[in-house]
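# Commentary on secondary and tertiary structure
For reference, the chains in residue letters:
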Amino acid sequence: MDPATLGRRLTAAGVPTLHGRTATLQQLVLQAPPSVVAGMLRYHTVHTEAVAAQAGGTWKKYAPGDHTR
C-alpha cells in the first residue's frame, strides 16, 4: 500500500494524519540537522529549517557534507 492510499483510508476512518506528520517532522529536526532530514524525506531545506526554528532546534551552524577529510 502506498502512502497516499494509506492516508486516504486513515482519513476516511476519522484518523487525522496531518498533525502526526507535523509532530514527527518536528521531532526529526530536533534530533538531526534539517538539511539531512530534508534530503532523506525529499523535502525542501527551507521547509525543514523553518520547522526546526519553530521547534527550537539548535542545528543552525551545522555544515552538511562529507567531513571525513
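Look a little higher up for the structure.
A few points on the structure. Small disclaimer: the values here were computed from a predicted structure and weren't measured. (Residues numbered from 1 in each chain as written. Predicted model: local features only at pLDDT ≥ 70, side-chain atom pairs only at ≥ 80, totals over all residues. Heavy atoms only, no water.)

## Focus: the nonpolar core
Quick reminder of the rule: Throughout, nonpolar core names a set of buried Ala, Val, Leu, Ile, Met, Phe, Trp, Tyr and Cys residues whose side chains join them through atoms within 4.5 Å. Buried means the residue's accessible area, taken with a 1.4 Å probe over protein chains only, is under 20% of the maximum for its type, while exposed means over 50%, and partly exposed covers the values in between. Helix numbering and strand numbering both begin at the N terminus, where a helix is a DSSP run of H or I of at least 4 residues and a strand a DSSP run of E of at least 2. Residues count as neighbours in contact if any of their non-hydrogen atoms are within 4.5 Å of one another.
By size, the foremost hydrophobic cluster in this structure holds five residues: Leu25, Val29, Val37, Val51 and Ala52. Those elements that provide at least two residues to this core are α2 (18-31) and α4 (45-55). The contact partners of Val29, leaving out residues within four places of it in the chain, are Pro34, Val37, Thr48, Val51, Ala52 and Trp59.

## Here we look at the packing of α2 against helix α3 (residues 34-41)
Where we set the bar: Note on method: axes are straight lines fitted to C-alpha atoms, helices fitted across the in-contact stretch only, with angles between N-to-C directions ranging 0 to 180 degrees. With respect to orientation, any angle under 35 degrees is reported as roughly parallel, any angle over 145 as roughly antiparallel, any angle of 65 to 115 as roughly perpendicular, and every other angle as oblique. Note: crossing handedness is left-handed where the near helix turns anticlockwise from the far helix by less than a right angle, and right-handed where it turns clockwise. Residue type decides the class: Asp, Glu, Lys and Arg count as charged, Ala, Val, Leu, Ile, Met, Phe, Trp, Tyr, Cys and Pro as nonpolar, and the leftover types, Gly among them, as polar.
Where α2 contacts α3, the two axes come as close as 8 Å, and the packing angle between them is 130 degrees. Looking at the two axes, α2 sits oblique to α3. Judged by the twist between their axes, the crossing of α2 over α3 is right-handed. In this structure, α2 uses Leu25, Leu28 and Val29 to contact α3, whose residues at the interface are Pro34, Val37 and Leu41. Within the contact of α2 with α3, the residues separate by chemical class into six nonpolar, no polar and no charged.

## Notes on α3
As a reminder of what qualifies: Each direction from the helix axis to a C-beta atom contributes to the arc, which is the arc of those directions.
Inspection of α3 places Pro34, Val37 and Ala38 among the buried residues, and these make up the whole buried set. Angular distribution of buried residues about the axis of α3 spans 100 degrees; they occupy a single face of the element. Residues of α3 that are exposed and point more than 90 degrees away from the buried face comprise Gly39 and Met40. Contacts from the buried residues of α3 go to α2 and α4. Arg42 lies just past α3 and shows a positive phi near 60 degrees.

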